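Geometric and topological summary
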Amino acid sequence: MADDLKLRLDELTDNPTARVPVCIALDTSGSMHGQKIDELNAAVSTFFRAIREDEMASISAEIAVVTFGNGVTKILDFAGIERQRVPALTAGGLTPMGQAVEMSLDMLEQAKRVYSDLGVDYFQPWLVLMTDGEATDDVTTAVQRCKSMVKNRKLTVFPIAIGKHANLSKLGQFTPRLKPIRIEAIDLKKFFSWLSKSVNAVSLSNPGDTQSAGLGEAAFNKMAVDWDTAFKS
Amino acid sequence: MEIRKINDERHSMKMNCPVCQLPVSDPVPPFCPQCAWNFKNDLTLNIFLADLPKVEIDDYDARLTLARKNWEHIQKLRLAESEQVAPQSSVTPSPPVPGSPAVKPLKQDEFMNQPASEPFQLRKEDSNPRIDINNLVKNYKIFIDTASLLEPDANKVFIEKLLPLLHQNNAAVLVSGRTIDHLEYLKNAQDQAVGSGATEALKILHILQDAKRLLDARDPHTIPGDPFDTSALFTELFIGYQTKFKICLITQNETLALQILKNSRSEAFKFVKDVKAIYIDNGQLKNWIPRLLQPLQNKNDEVIISSIVESFKIIADTSSILLPSVRDGSLIGVPFFRDILLPGLSKHDNDLIVPNRVIKELQKHILSTDQDLIKATNEGLSVLMMYEKKGLLMIGEDAHEVEGAGDTFADPVFVKLAIRFQSNHDMCFITQDRNLAITLIDNQKMGTGHEFLVTFIPQEGQLLVNWEAKLRGYKPKSEKKVSFQKGNPSKFKTNPQKTTTNKQQQSTPNRKNGTVQHKTQPQDSKIKAHREKHRVDPFKLAKQVCGLNNNPISIKQLPATGGMVLDSMKKPVLLIEELAEGGEGKIYRTDTDSLVCKIYHEERITESRRKKLELMVSRDIRIPEVCWPKDIVTNEHGQFVGYLMPKVDGKILKTAVFAKPLLKKTFPHWNRIQLTQLAITILTAIGKLHRLNVFIGDINPQNILVKDEHSIAIVDSDSFQVEEFPCPVGTETFTPPERQGLNYSDFLRSEKDELFAVTTLLFMILFIGKAPYSSQGGGEAAENIRNRSFAYDRETEERPPVGAWQFIWSQLHPAIKSDFFAVFSRGERVAIKDFIGHLNMAIRAMKQGERSEDMFPNKPWQREGETVIVKCDSCSTDHEISRQVHERLRSKGRPFKCSSCVALEKMRRLETTREVECSLHLSPKCFGRVAVPVEYLNKLAAQNEPYVCRACNEQKNYRMVQCGSRISPKCNGEERVSITHLNNLKAQNRVFWCKACQEAERARRVNEQRNRQGTQRRSSGRTNSYSKNQKKSDCFIATATYGSDTMPQVLIFRAYRDNVLLSTWAGIKFIQLYGHLGPWLADLVNSIPILRPFFRGLLDRISTRIQKRMLMDKLD
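On a predicted model such as this, the values are computed, not experimentally measured, just so you know. Residue numbers run consecutively from 1 along every chain, following the written order of its sequence. To label them, take the chains in the order written and letter them from A, then take the ligands in the order written and number them from 1. Only residues with pLDDT of at least 70 are given local features in this predicted model, and only at 80 or more are side-chain atom pairs given and counted; all residues enter the totals for whole chains, interfaces and linings. The basis for every side-chain value is the complete set of heavy atoms in the structure, and neither hydrogens nor water enter the calculation.

What follows deals with the overall build of chain B. The number of helices and strands found in chain B is 42 helices and 34 strands. Exposure categories follow from relative accessible area, calculated using a 1.4 Å probe and restricted to protein chains: below 20% of the type maximum is buried, above 50% is exposed, and the middle band is partly exposed. Among the 1116 residues that make up chain B, the fraction classed as buried is 48%. Every residue pair with non-hydrogen atoms within 4.5 Å of one another is taken to be in contact. When contacts within chain B are restricted to residue pairs at least 6 apart in sequence, long-range pairs at least 24 apart make up 65% of them. Method for areas: the Shrake-Rupley scheme with a 1.4 Å probe, in which residue coverage is limited to the protein chains shown. Carbon together with sulfur atoms contributes 51% to the accessible area of chain B, which is approximately 56600 Å² in total. Helix and strand assignments follow DSSP, with helices taken as H or I runs no shorter than four residues and strands as E runs no shorter than two, numbered in order from the N terminus.

Structural data, given as structure tokens:
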């Protein structure tokens, strides 16, 4: 335990690079069972590999993973990407999305607090929310929190709907700035590859840049627009 | 007394040597030319009569006396000598009276102005350049200098040739301690060649030591200055030793050799046994004297070929090989190489070096359409074949470029060769290109001990002329004036920092005009002279941003991979491969290896961009550290699509240096000295751009490529700010507070803006990527900059970020710290040349051990002797802290904790707590957001209770209740009581009493009991307490009003109560009532002091009344 703490402290103080905290909230409810969860697993490990391979992103991106399905589980907390091992995800259970989003937001708050207290520069965090169905719990508080943070430019939310059963409008409630996009399970890899490129791009910019704050959003919008041509091809 | 006099006299125009009375004028030489009295150290170096013990060295008088005695001795000897020479003198001269020399003393000028061609007195044996090593080993004390040990064939000389002779004659060689220190230092140099050279040298020394043939020459007394400098040491040492034994010094340093030879043969130093100076050349030991006397050039600055063909590295450029005559087009270069140079080189088996680049260029010219060019190239190639046949051609394979494919631009190749080899070899460059010549001369290092010539073939052919002459205005007889440069020659600001760094180096003998000079001043002015003729125009300084025409020009066809573009000469350029893509365009490799081409995205091609690039391309700016556009390219329809620029390589500063793990991977051998040197290199490059009135604008660690601490490249030059074209991008971290939030294309950056970015970049280099305004608890970057709260400034409340940063700050040189304060705290600006000066000071301080060299220091800078060693309270390791800090901690009773433990505790606190918002906000003193331990939060969550802050909790569960008794003087009136307790009391029908009153009551009861039992012991302490209790327990109001309970009025009230009231039912009731009202009234009095006099008057009257009553009663 104490070693972990020291490791984390050293990570944050030896490396002055501005951090990009990204929290990914994944739906692992029963409906994801089968091919979907396999694709998701493959895509997530590709994502981590892509970040690790980029020199700049590997020292600035900090990824956390939360799953909702059979309760809400903190799969990975924020840490240096070299230390993280992505476990295999299994599907099952209901879809407590509200709780998961709240936990994600709490984790992001804590990460920002640690960065700020130690004097580490950081970019405004990203929340990637992926689901293939509707939430089974109450999402109102989560939605409210997200909305206010996004409006104040303290958070960027990427809402992704997997498959045709996901409710786009409900997903879209989480952020007033971006429209959710619908992707098929087989294209999950492509999405995560795009995500890693976007993280790389942000890590190369400088914190507080008015350009970089909108970088993720602009790219996301572009991706949504080009979805038919760029992604599916 | 005498010392002071000497010091004063030293500052006056004329003074006399205290020993021999020779008049000496300004500037005072280091030694008296006549008697060798050392003015600087007040020491005599003529050791005839005795070696002074060190204790006496400190005693000036003793030294002076000894020097005088020595001087008299010299006089005597001289006289004796002159007698021998002229024995016919009949008169026996009496021994000279001390102080009045019989021999005419030399005048100082005579000594100083020796004819240049004869720097010192020559002897017969000097004409023989050969060295008899056997004789040397037998009869001479041999000293070895650092540079000789670093020669490539040092091993051959010292181990194979010298060592056996040393064994035979049971002799040893001497090496100075400074040499060893210097080699140890160089062993760890980042430059592999240097490091391995030093290791080899140390190996040689080890072998000699093991064979017991090496002696360590320790400094007899400390000689100030550079701790690695052996010249001063040897000079002084030899002056002392040369009268005792024969000395031979093996050194590559021409200045040192000259100095010691001069010293050994001057009139001042008498009865010197022989001193020889030798150098290593090609595995041979050679005598310095012939080389010192042999000029390299004649009066017309024409290089004497025979003096360079033997040992110089001669490097030729295409322009010289193909040089045509301007009159008739016949070739001039080829005959020179064929008829003059080749024989000379073959005689000494020395190679001609031709960079690979040149060969490739020649091969390309064969394919051109110009017939003359083809012919010239053929001839050039055939000449080179002749060299090849004789085995005298060396093709420079750019072997020092470890990574990267392909050649780089021609000029950097030459410059790199120059930088690489000039420290160890004599070099001669042959080029007709004026700019290349100037670049090479600019990169000449001073004090290498080796020759560095940059020459060209004049129109009359058959010889080489030194470029420096031409740059000074030399016009050969038949040369027509050829214009080299577009644009007009204009005034060019001199480069002050170059001259200062030159002055800091040792003086070097300069082989111009065939003379040997010592002073650096003539050298500096020559550089100034040819720099002023540098033909690149600085740009104009515009006042306003140009009206940007951002409408894209519609392009008929955008070239891509495999496509073709045309340069401004309509020459085709093939785009071979896409190297990179950015937001603005794509970069392609071209069929010219040294050039890459940037083609803009279609929507980015605008009229303004075209104009800007045309402006930039109009100046042929060749700064090796800047990737400047070379030429515009158009598509086949003649439309502007992009530009050509030199190919550069290197690692991006941001990803190579700006994080500890990355830096360790890229440059594992670096310490702060190389880091500081990198900063100097980058700043110098930016300074060069500023002098041309070009501002980078977006100074960004992603736009700077680094190869090592001396070679960098600044890319993305098309976004530089030039004349009225702004730099349209920027980075918040590098933007000064007054420009935050503005649109970058709307304003022209001033030097003030640029310097802020430069300072930020410098900070981030020294702090390995940390931004200057980061702090603990800081906000976003822009906010911090606007608040201008610089965390390293002790005056601010901000604390520096956690980590080594504070120590890095502490270890910085004070000049740099003060610069950072000026810029980041006070909003001032510091000029680049000042930064460079301070950075150089910092490097020197680190080399001398005054400041830490650690990349990541783990403690602040402390003065020697002002530290104590303490153990950390948490981890028990020893740490060195300053005495002040130790005292402060002790006085506050706080234990010392090392920074890592403190940081770890902070981390623990951060990780084991979470910030939550109080869910109640009941109390006005609500805490709002609090850091709460996670365990507690989990407990609350399990019970489904939200978090409530302590203030609100108290508000909710506790109430302020009045004490029902007020007996105790410590009663506070109100107390915080939990509601549950109040409920209990209510159920028992009890009144709430505060704790203090409860205790008081208990004490009173115990007292009464003891009274009744009669076991009361009247000790003063107890009596006091009882009586105090008695007194204090009754009149609240009186106490409050009068402020004390011993006033007579109080006593009266008490007496009345005890004797009268307690005996009647009404009285008791009154007392009870009073118990309720009294405290309230007392509080009233306490809180409204104005009432006090009123109450006092009231109580006075009542007490008087009572008094009367009681008296009357008594009387009854």
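The span one expects for a helix is its residue count, reduced by one, times 1.5 Å. Here helix H40 (residues 1048-1059) of chain B is 12 residues long and its end C-alpha atoms lie 16 Å apart, about the 16 Å a rise of 1.5 Å per residue gives. Those residues of H40 of chain B lying buried are Gln 1049, Val 1050, Ile 1052, Phe 1053, Arg 1054, Tyr 1056 and Arg 1057 of chain B.

Our focus in this paragraph is the interface of chain B and chain A. Between chain B and chain A, the contact holds 40 residues from the first and 33 residues from the second. Simply put, the buried area is the total loss of 1.4 Å probe accessible area from both parts when two parts are fitted together. For the pairing of chain B and chain A, the buried interface totals around 3200 Å² over both sides, and the portion due to carbon and sulfur atoms is 55%. Think of a salt bridge as a Lys or Arg side-chain nitrogen and an Asp or Glu carboxyl oxygen that are within 4 Å of each other. Counting the contacts that link chain B with chain A gives 3 salt bridges. Note that Glu 915 of chain B and Arg 113 of chain A form a salt bridge whose closest N and O atoms lie 3.8 Å from each other. Two N or O atoms count as a polar contact when they lie within 3.5 Å, although within protein this holds only if one can serve as hydrogen donor and the other as acceptor, and sequence-adjacent residues are included solely when both atoms are side-chain atoms. For the pair chain B and chain A, the number of links is 5 residue pairs in polar contact (both at pLDDT 80 or more). At the level of elements, helix H24 (653-657), helix H25 (660-666), helix H33 (899-912), strand E31 (913-917) and strand E32 (929-933) of chain B are the ones that each hand at least two residues to the side of chain B that touches chain A.

Residue and element names in this part refer to chain A. Geometry is summarised by axes, namely lines fitted to C-alpha atoms with helices restricted to the contacting stretch, and by angles between N-to-C directions that run from 0 to 180 degrees. Put simply, helix H2 (residues 35-53) and helix H7 (residues 188-204) touch, their axes get as near as 8 Å, and they point 25 degrees apart. If you check the angle between H2 and H7, you find them roughly parallel. Our pair here, H2 against H7, has a crossing hand that is right-handed. Taking contact as the criterion, the partners of Lys 36, Glu 39, Leu 40, Ala 42, Ala 43, Val 44, Thr 46, Phe 47, Ala 50 and Ile 51 in H2 are, on H7, Leu 188, Lys 189, Phe 192, Leu 195, Ser 196, Val 199 and Asn 200. Considering only residue class, the contact of H2 with H7 consists of 11 nonpolar, 3 polar and 3 charged. Angle categories are assigned with fixed cut-offs, so that under 35 degrees is roughly parallel, over 145 is roughly antiparallel, 65 to 115 is roughly perpendicular, and the rest are oblique. Take the far helix as your reference; a near helix turned counterclockwise from it by less than a right angle gives a left-handed crossing, and one turned clockwise gives a right-handed crossing. For this classification, the nonpolar set comprises Ala, Val, Leu, Ile, Met, Phe, Trp, Tyr, Cys and Pro, the charged set comprises Asp, Glu, Lys and Arg, and every other residue, Gly included, is treated as polar.

Residue and element names in this part refer to chain B. Reading across from one edge, E24-E26-E27 is the order of the 3 strands in this open sheet, with antiparallel pairing throughout. The two strands at the open ends of the sheet, each matched to only one other strand, are strand E24 (651-652) and strand E27 (711-714). For two strands to be treated as a pair, DSSP must find at least two bridges joining them. One ladder, built from 2 bridges, connects E24 with strand E26 (residues 704-708); its direction is antiparallel. Bridged to Lys 651 within E26 is Val 706. Lying over the sheet, helix H26 (residues 672-691) contacts E26 and E27, oriented at roughly 40 degrees with respect to E27.

Let us look at the pairing of strand E15 (residues 427-430) of chain B. All names here are of chain B. Alternating positions in E15 separate into two faces, Met 427 and Phe 429 on one and Cys 428 and Ile 430 on the other, with burial throughout. The pairing of strand E12 (residues 313-316) with E15 spans 4 bridges and is parallel. Looking at the pairing, Ala 316 lines up with Ile 430 of E15.

Residues and elements named next belong to chain B. Close contact between helix H8 (residues 177-187) and helix H9 (residues 192-210) brings their axes to 7 Å; oriented N to C, the two are set at 140 degrees. What the angle tells us is that H8 and H9 run oblique. Helix-helix and strand crossings are classified by hand; for H8 and H9 the assignment is left-handed. Between H8 and H9, the contacting residues are Ile 180, Leu 183, Glu 184, Leu 186 and Lys 187 on the first element and Val 194, Gly 195, Ala 198, Thr 199, Ala 201, Leu 202 and Leu 205 on the second.

Before going further, it helps to spend a moment on the pattern of salt bridges. Applying the stated criterion to the full structure yields 44 salt bridges over all chains. A salt bridge links Glu 200 of chain B to Lys 203 of chain B; the nearest nitrogen and oxygen atoms lie 3.3 Å apart. A residue pair is termed a helical-turn pair when its members lie 3 or 4 positions apart in one helix, as Glu 200 of chain B and Lys 203 of chain B do in helix H9 at 3 residues. Residues Arg 622 of chain B and Asp 620 of chain B are paired through a salt bridge, measuring 3.3 Å at the closest nitrogen-oxygen approach. With relative accessibility at 28%, the residue Arg 622 of chain B sits in the partly exposed group. Through salt bridges that share partners, Asp 4, Arg 8, Glu 11, Arg 19, Glu 62 and Arg 83 of chain A make up one connected network.

Once that is clear, we can look at the sheet that holds strand E5 (residues 156-162) of chain A. Residue and element names in this part refer to chain A. One open sheet holds the 6 strands; their spatial order is E3-E2-E1-E4-E5-E6, and the pairing between them is mixed. Here the strands that pair on one side only, and so sit at the sheet edges, are strand E3 (72-76) and strand E6 (181-183). Geometrically, the sheet is characterised by an average inter-axis angle of 25 degrees between neighbouring strands, direction not taken into account. Against the sheet, H7 makes contact with strand E1 (20-27), strand E2 (61-68), strand E4 (126-131), E5 and E6, and its axis sits at roughly 175 degrees relative to E4, the strand it touches most.

Residues and elements named next belong to chain A. Every residue carries a pLDDT, the predictor's confidence in it, which falls somewhere between 0 and 100. Confidence in the prediction for chain A averages 85 pLDDT; 88% of positions are at 70 or higher. Looking over chain A, one finds the lowest element-wise mean pLDDT in helix H9 (residues 227-231), namely 46, and the highest in E2, namely 94. For the stretch residues 228-233, pLDDT sits under 50, and the model shows 8 contacts to residues farther than four places along the chain or on other chains.

Attention shifts here to the nonpolar core. For this analysis, a nonpolar core means a set of buried residues of the types Ala, Val, Leu, Ile, Met, Phe, Trp, Tyr and Cys, connected via side-chain atoms within 4.5 Å. Core analysis: the largest hydrophobic core is formed by 95 residues, its most contacted members being Trp 628, Phe 720, Leu 761 and Phe 820 of chain B. What Leu 761 of chain B contacts, discounting residues up to four positions off in sequence, is Leu 653, Phe 658, Ile 682, Ile 686, Ile 699, Ile 704 and Phe 734 of chain B.

Moving on to the packing of aromatic side chains. Residues and elements named next belong to chain B. Paired rings are identified among Phe, Tyr and Trp, the last through its six-membered ring, by centres lying within 6.5 Å, and are further divided according to the angle between planes into stacked (under 30 degrees), edge-to-face (over 60) and tilted (the rest). By the definition in use, this model includes 40 aromatic pairs over all chains. Aromatic pair Phe 667 and Trp 670: ring centres 4.0 Å apart, planes at 5 degrees, arrangement stacked. Taking relative accessible area as the criterion, Phe 667 reaches 6% and is therefore assigned buried. By relative accessible area, Trp 670 is classed as buried at 6%. Each ring, one from Phe 763 and one from Phe 790, has its centre 6.1 Å from the other, and the planes form 70 degrees; the classification is edge-to-face. Of this pair, Phe 763 sits in helix H27 (residues 751-766) while Phe 790 sits in the loop between helix H28 (781-787) and helix H29 (805-811), and the two are 27 residues apart along the sequence.

Glancing now at unusual backbone geometry. All names here are of chain B. Within the chain, Asp 349 stands out as a residue other than glycine whose phi angle is a positive 55 degrees. Looking at where Asp 349 falls in the secondary structure, it is placed in the loop between helix H15 (333-348) and strand E13 (352-355). The backbone phi angle of Ser 876 is positive, close to 60 degrees, even though this residue is not glycine. Inspection of the secondary structure assignment puts Ser 876 in the loop between strand E29 (867-871) and strand E30 (878-882). Taking the relative accessible area as the measure of exposure, Ser 876 reaches 45% and is therefore partly exposed.

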